[in-house]
Protein chains: 2
Amino acid sequence: MKFRLLTPGPTPVPEETLLELAKPVFFHRTPEFRQILGEVLEDLRYVFRTRNPVIPLTSSGTGGLEAAVANCLPPGGKAICLIAGRFGERWKNLCKAFGVESVNITVPYGQAVRPEQLARALADHPDAVAVCSTLSETSTGVGHDIAAFGKLVAPTPAILLVDAVSGLGAMECRTDEWSIDVCVTGSQKALMMPPGLAFVAVSDKAWKAIEKNPNPRTFYFDLKKARAKLEGPDTPFTPAHTLIRAMRASLKRIRAEGIENIWAAQARNAVAARAGFQAMGLELFSDPPNNALTVVKMPQGIDSTVLLGKLEKQYGLKLANGQDDLKGKILRLAHMGYIDQFDVLAALSGVELVLGDMGHAVEPGKGLAAAQRVFAEGVKIG
Amino acid sequence: MKFRLLTPGPTPVPEETLLELAKPVFFHRTPEFRQILGEVLEDLRYVFRTRNPVIPLTSSGTGGLEAAVANCLPPGGKAICLIAGRFGERWKNLCKAFGVESVNITVPYGQAVRPEQLARALADHPDAVAVCSTLSETSTGVGHDIAAFGKLVAPTPAILLVDAVSGLGAMECRTDEWSIDVCVTGSQKALMMPPGLAFVAVSDKAWKAIEKNPNPRTFYFDLKKARAKLEGPDTPFTPAHTLIRAMRASLKRIRAEGIENIWAAQARNAVAARAGFQAMGLELFSDPPNNALTVVKMPQGIDSTVLLGKLEKQYGLKLANGQDDLKGKILRLAHMGYIDQFDVLAALSGVELVLGDMGHAVEPGKGLAAAQRVFAEGVKIG
């Protein structure tokens, strides 16, 4: 059986990148590696849509978030955390670990924090030093209006920290234009790589906050130390350099395709996935949904744990379940990175077939036809 | 030209492990991955010679050291740092970053801290909460007598933290028997893997210190949180799971060979390398030298930067230079991981040839013969 990984991280990796991973290990303090790292950082700036330095870290995405909090937020400072799911909660927990007071703007899972809620929080807390948000909230599939958040935060003394781990490279994200001060992503989502690397883009305003912070409270994730090495380019500690070499291949693919074309293709895939699921009688969980993944509720009497188990066992399709309280209640389909429109079709086909087996009868092909209409007609973006 | 990576990290990786790295990406929250992670952690306990839990981290070795300091050492506490090179300095710098007072016992680079120096420091500082040492000091090639250090520290309230990043798996290291409380290593040295993973073995005494510490001052490297996930086994954040899958292959190789046989083989390779270099008229830099790498001084008028450049360009042999002030003055040859006795011969042959080219004439084969006698006669260990 052919296996298809369609979870919102880890995601499938292109074959040419996998082959790079199998190449012999080389030494990293050389002009050859500096060349590779330089290309990777330049291509990342392209993907981030930023002219700011992008710092590479050897860690999970959460390590990148820790770097943001530890370096930028002084102990006793106040951060407004926008919480629409597990990864919004992570910002709050990071603040707690680093002695930062968090003002929590929480919405029910499945909804997004609205710009007017942030505006009110900023008015109520003019002393806030930061606003922490997610771009794509991976646990629920909602997307945040980061462009609007940026407009609200930019005129204030606060900096805007964005967890773009599962969004960057799949959905529109313009770091500089949207005034994102610290934008964090990981290798294993839309960037078409296995996990192990995190990347942090840092604005001038954020560097000023970092310089004012008396102590980064981390040695390994010290962003100033990392910035000092960027000229090489080099890293303060041994990086996962074979991952960086492989990442070059994935980034070349992304750059050849063009990031705006990728945003458009994944937007179309997202609209097609939503249309397909809705045609099967499934309801969207996310309001508003984002373009990196589609999350739908289960119909009455269907447990997503059972459905997902059958989908994998019978058809080799690996989609994700809900987490914690949402387990069994939703399913999550990724369309990011090396997942394309025909992979989305495969997922819709499989879900339709299994739903039928489980007693939620759907006219065969109804979901597929709905998706196909989207592919045929195209989608207007932006 | 055939390339041979003979630096003390990164080191070469067995072909079967490289092929594992090229396998398609899979999902990590599954029974299959828990099985893989369980095997890896069990095999690591075997390599560490410990019954304590081993915590896997997605980071460089320095991330593992940060986990040790952040979790175990309370702010304002006092740590005795044994400094015989760059990696001893790293302990000191980590203490500084985390507000820990360091009492520095420093010896000239090329020498090791002696047990009597530690005994005196412990007597002078009965309030020390920790002793921080390196097993193999990668920057100078000296080895520390960790067994003796363990005997001195065990009866005190302090815990013994050991940076075994470049030593573990190459030279004798008995975590439990030697009373090492926190033993840290990385994937890219003797464990035959690319960089990207760190591992931390934690004793009961260290867990008590961690529990007493009011705040781990890290979220990503929180060892208590990681321990809570070990039962699965699982990890708090997305691990570099494709590296962990590949690591299983390298650990199976290590386990099949037997760790004590590996220690013996690398001890023999170390003795052979020393004998070979000395027969060429080169002097050892390290006193005492360790069995993970051999470091020698350059003869009058020979710059190691030039020698190493020729060695790589003419013969594909990549050895390491000295760092900082030692650059140009020493060379460092690794014998750890997937580097074997014939790789050591290749290095000796290449160095002899290039030294001849550079005007330091050596009778051809003199170094090789000295090494060969060691291979023929064997070496008594322990």
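Residues numbered from 1 in each chain as written. Chains lettered and ligands numbered in written order. Predicted model: local features only at pLDDT ≥ 70, side-chain atom pairs only at ≥ 80, totals over all residues. Heavy atoms only, no water.

Draft legend 1. Region of interest: the side chain of threonine 7 of chain B. Residues and elements named next belong to chain B. Assignment of secondary structure puts threonine 7 in the loop between strand S1 (4-5) and helix H1 (15-21). Relative accessible area serves as the criterion here: at 0%, threonine 7 is assigned to the buried category. Looking at threonine 7, its side chain comes within polar contact range of the main-chain oxygen of proline 10, at 2.8 Å. (Helix = DSSP H or I, 4+ residues; strand = E, 2+ residues; numbered from the N terminus. Buried < 20%, exposed > 50% of the residue type's maximum accessible area, 1.4 Å probe, protein only. Polar contact = N/O pair within 3.5 Å; in protein donor to acceptor, adjacent residues only side chain to side chain.)

Draft legend 2. Looking closely at the relation of the copies chain A and chain B. Mapping chain A onto chain B is achieved by rotating through 180 degrees and translating by 0.0 Å along the same axis, at an RMSD of 0.0 Å. As the rotation angle and translation indicate, the two copies are arranged about a two-fold axis. (Least-squares fit on C-alpha atoms with pLDDT ≥ 70 in both.)

Draft legend 3. Structural view of helix H5 (residues 115-124) of chain A. Residues and elements named next belong to chain A. Residues Gln117, Leu118, Ala121 and Leu122 constitute the buried set of H5. The buried residues of H5 occupy an angular sector of 135 degrees when projected down its axis, which confines them to one face. The exposed set on the far side of H5, more than 90 degrees from its buried face, consists of Arg120, Ala123 and Asp124. Where H5 is buried, its residues meet strand S3 (78-83), strand S4 (101-106), strand S5 (130-134) and helix H6 (146-153). (Arc of directions from axis to C-beta. Contact = heavy atoms within 4.5 Å.)

Draft legend 4. Spotlight on the nonpolar core. Formed by 276 residues in total, the largest nonpolar core has its most connected members in Leu44, Ile80, Phe277 and Leu319 of chain A together with Leu44, Ile80 and Leu319 of chain B. Each residue touching isoleucine 80 of chain A, except ones within four places of it in the same chain, is listed here: Val103, Ile105, Leu118, Ala121, Leu122, His125, Ala128, Ala130, Val131 and Cys132 of chain A. (Core = buried A, V, L, I, M, F, W, Y, C linked by side-chain atoms within 4.5 Å.)

Draft legend 5. Geometry of the interface of chain A and chain B. On the chain B side, the residues contacting the 47 residues of chain A number 47 residues. Taking both partners together, chain A and chain B bury about 3600 Å²; carbon and sulfur atoms supply 69% of that area. Its largest share of buried area at the contact with chain B, chain A owes to Val25, Phe27 and Phe219 of chain A, together 18% of the area lost on that side. When contributions to the side of chain A that touches chain B are tallied by element, the ones reaching two or more residues are helix H1 (15-21), helix H3 (61-72), helix H4 (86-97) and helix H9 (241-257) of chain A. Considered class by class, the residues forming the side of chain A that touches chain B number 24 nonpolar, 18 polar and five charged. (Buried area = accessible area lost by both parts, 1.4 Å probe. Nonpolar A, V, L, I, M, F, W, Y, C, P; charged D, E, K, R; others polar.)

Draft legend 6. Geometry of the environment of tryptophan 91 of chain B. Residues and elements named next belong to chain B. Note that tryptophan 91 resides in helix H4 (residues 86-97). Judged by its relative accessible area of 0%, tryptophan 91 falls in the buried class. Each C-alpha atom of the pair tryptophan 91 and valine 69 lies 8.3 Å from the other, and the pair is 22 residues apart in sequence. Aside from chain neighbours lying at most four places away, what touches tryptophan 91 is Leu65, Ala68, Val69, Cys81, Cys132, Ser133, Thr134, Leu161, Val162 and Asp163.

Draft legend 7. Summary view of the packing of helix H2 (residues 31-48) of chain A against H9 of chain A. All names here are of chain A. Contact pair H2 / H9: the axes reach a minimum separation of 9 Å and the direction vectors enclose 45 degrees. It follows from the interaxial angle that H2 and H9 lie oblique. Read as a crossing pair, H2 and H9 show a hand that is left-handed. The segment H2 lies against H9, with Phe33, Ile36, Leu37, Glu39, Val40, Glu42, Asp43, Leu44, Tyr46 and Val47 engaging His241, Ile244, Arg245, Met247, Arg248, Leu251, Lys252, Ile254 and Arg255. The residue makeup of the contact of H2 with H9, split by class, is 11 nonpolar, one polar and seven charged. (Axes fitted to C-alpha atoms, helices over the stretch in contact; angles between N-to-C directions. Parallel < 35°, antiparallel > 145°, perpendicular 65-115°, else oblique. Left-handed = near helix turned anticlockwise from the far one by under 90°.)

Draft legend 8. Here's a closer look at the layout of surface pockets. Approximately 1200 Å³ is the volume attributed to the second largest pocket. Lining the second largest pocket are 46 residues; nearest its centre among them are Arg86, Gln323 and Arg332 of chain A together with Phe27 and Arg29 of chain B. Here the lining of the second largest pocket takes five residues from H4 of chain A, the largest share from any one element. Here the lining of the second largest pocket is built from residues that sort into 13 nonpolar, 17 polar and 16 charged. (1 Å grid on protein atoms, 1.4 Å probe; cavity = no way out; pocket = protein on both sides within 12 Å on 5 of 7 lines; lining within 4 Å. Points joined across faces, edges and corners; volume = space filled by probe spheres on them.)

Draft legend 9. Inspection of the state of the cysteines at higher detail. Applying the stated rule across the entire model yields zero disulfides over all chains. Not engaged in a disulfide, the cysteine cysteine 81 of chain A finds its nearest cysteine sulfur in cysteine 95 of chain A; these two sulfurs lie 4.0 Å apart. The class of cysteine 81 of chain A is buried, set by a relative accessible area of 0%. Unpaired in this structure, cysteine 72 of chain B has its nearest cysteine sulfur neighbour in cysteine 132 of chain B, at a distance of 9.2 Å. Classification of cysteine 72 of chain B as buried rests on a relative accessible area of 3%. (Disulfide = S-S within 2.5 Å.)

Draft legend 10. Up close: helix H13 (residues 366-377) of chain B. Residue and element names in this part refer to chain B. Over its 12 residues, H13 runs 17 Å from end to end, which matches the ideal 16 Å to within 8%, given 1.5 Å per residue. Within the span of H13, buried status applies to Gly367, Ala370, Ala371, Val374 and Phe375. The arc that holds every buried residue of H13, seen down its axis, measures 140 degrees, which confines them to one face. In H13, the exposed positions angled more than 90 degrees off the buried face are occupied by Ala376 and Glu377. Those residues of H13 that are buried lie in contact with helix H10 (259-279) and helix H12 (341-357). (Expected span 1.5 Å × (residues − 1).)

Draft legend 11. The arrangement of the pattern of salt bridges in detail. Scanning the entire structure with this criterion turns up 36 salt bridges over all chains. The residue glutamate 16 of chain A makes a salt bridge to arginine 253 of chain A at a minimum N-O spacing of 2.9 Å. Note that glutamate 16 of chain A is positioned in helix H1 and arginine 253 of chain A in helix H9, a separation of 237 residues in sequence. Owing to a relative accessible area of 31%, glutamate 16 of chain A belongs among the partly exposed residues under this scheme. A salt bridge links arginine 29 of chain B to aspartate 234 of chain B; the nearest nitrogen and oxygen atoms lie 2.6 Å apart. With arginine 29 of chain B in the loop between H1 and helix H2 (31-48) and aspartate 234 of chain B in the loop between helix H8 (223-229) and helix H9 (241-257), this residue pair connects regions lying 205 residues apart in the sequence. Assessed through its relative accessible area of 32%, arginine 29 of chain B is described here as partly exposed. Within this structure, Glu39, Asp43, Arg248, Lys252 and Arg255 of chain A form a network of salt bridges that share partners. (Salt bridge = Lys/Arg side-chain N within 4 Å of Asp/Glu carboxyl O.)

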